[in-house]
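# Results of the structural survey
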Amino acid sequence: IGDEQSIEQSLSTFSSHMRNIIQIVNEADESSLVLLDELGSGTDPSEGAALGIALLEHLNGKKVKTVATTHHDLLKTHVHSSEGMENGSFEFDIQSLSPTYRFLPGLPGGSNALEIASRLGLPESLGARARMELGESRLKEHQLISELKGNLKALEEEKEATARERNRLQSLKEQYLEVIETEREENEKTRKHLRHRVDQFVAQAREEMKDARAAMEAGAGER
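Since the structure is predicted, the reported quantities are computational estimates derived from the model, not experimental observations. (Residues numbered from 1 in each chain as written. Predicted model: local features only at pLDDT ≥ 70, side-chain atom pairs only at ≥ 80, totals over all residues. Heavy atoms only, no water.)

## Regarding the environment of Ile24
- Relative to the helices and strands, Ile24 resides in helix α1 (residues 13–27).
- Taking C-alpha positions, Ile24 is 7.7 Å from Val34, a pair spaced 10 residues apart along the chain.
- Among residues more than four places away in sequence, those in contact with Ile24 are Val34 and Leu36. (Helix = DSSP H or I, 4+ residues; strand = E, 2+ residues; numbered from the N terminus. Contact = heavy atoms within 4.5 Å.)

Pasting the structure below:
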């Protein structure tokens, strides 16, 4: 969906979006891939979010593969609690004010508009006023997203540490098995060598006994 507003055709941004969306709703099926950019934009935020929820539910019900972007928190919340849908976002480094292009499955994104504006030099008084207007609930949502991102990073670091430990243990196991195999081969060599020595000793003893018996029989014959 592109921005196809037209004065000539009396189409606003929202109207042009809806014209394309209606065509998608009528034609999409299980074999379709639908891409919706800024779903619910171009109109009243509450109505836009409600319309976006209805569209996603409709497409999900028809098993249409859909990728949608949005800034509406209502949409993100709905997707989080809906079967067959999943949030996702691209990581943004708030310290360097630059994207990392790392995809975070299951984690809704945040705009970080106030933080970015503050770091770009917005007067603190304006930032404080904006936070006041934003409301406590929205601030808590942004804080929750930040905490989730922190938890995700901690889990990834723990996962990497676990993988390193697993690799170390696997290496030790392979070394241990190699030592056992070497000892087994050495023991087998020693066993074969001892068996050979015993066989030699038995054969030699038999020869000596044979010679002794022959000598005894020869002496008895002379008497």
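Next comes the rest of the write-up.
## Things to note about the packing of α1 against helix α2 (residues 45–61)
- The geometry of α1 relative to α2 is characterised by a closest axis approach of 12 Å and an angle of 20 degrees between their N-to-C directions. When the axis of α1 is compared with that of α2, the two are roughly parallel. Crossing of α1 over α2 shows left-handed handedness. Judged by residue contacts, Phe14, Met18, Ile21 and Val25 of α1 engage Leu51, Leu55 and His58 from α2. (Axes fitted to C-alpha atoms, helices over the stretch in contact; angles between N-to-C directions. Parallel < 35°, antiparallel > 145°, perpendicular 65-115°, else oblique. Left-handed = near helix turned anticlockwise from the far one by under 90°.)

## Focus: the nonpolar core
- Residues Ile21, Val34, Leu36, Leu39, Leu56 and Leu59 are the most contacted members of the largest nonpolar core, which totals 14 residues.
- Secondary-structure elements contributing two or more residues to this core are α1, β1 (33–36), α2 and α3 (73–80).
- Of the residues forming this core, the biggest block, four residues, is contributed by α2. (Core = buried A, V, L, I, M, F, W, Y, C linked by side-chain atoms within 4.5 Å. Buried < 20%, exposed > 50% of the residue type's maximum accessible area, 1.4 Å probe, protein only.)

## Focus on the pattern of salt bridges
- Summed over the entire model, instances satisfying the criterion amount to seven salt bridges.
- Across the pair Arg191 and Glu188 runs a salt bridge, and its minimum N-O distance is 2.5 Å. Taken together, the positions of Arg191 and Glu188, both in helix α6 (residues 136–222) and three residues apart, correspond to about one turn of that helix.
- Accessibility expressed as a relative area gives 24% for Glu188, which makes it partly exposed. (Salt bridge = Lys/Arg side-chain N within 4 Å of Asp/Glu carboxyl O.)

## Focus on the pairing of strand β3 (residues 88–93)
- In terms of strand pairing, β3 meets strand β4 (residues 98–105) through five bridges, oriented antiparallel. Looking at β4, one finds that Ser89 is bridged to Leu104. (Pairing = 2+ DSSP bridges.)

## A few points about the packing of α2 against α3
- Interhelical geometry of α2 versus α3 gives an angle of 30 degrees and a closest axis separation of 8 Å. In terms of orientation, α2 and α3 fall into the roughly parallel class. For the element pair α2 and α3, the recorded crossing hand is right-handed. Contacts between α2 and α3 involve Ala49, Gly52, Ile53, Leu56 and Glu57 on the former and, on the latter, Leu74, Leu75, His78 and Val79.

## Let's talk about the confidence of the model for the protein chain
- When pLDDT is averaged across the protein chain, the result is 83; 88% of the residues are at 70 or more.
- When pLDDT is averaged over each helix and strand of the protein chain, the minimum, 82, is found for α6 and the maximum, 95, for strand β2 (residues 65–68). (pLDDT = per-residue confidence, 0-100.)

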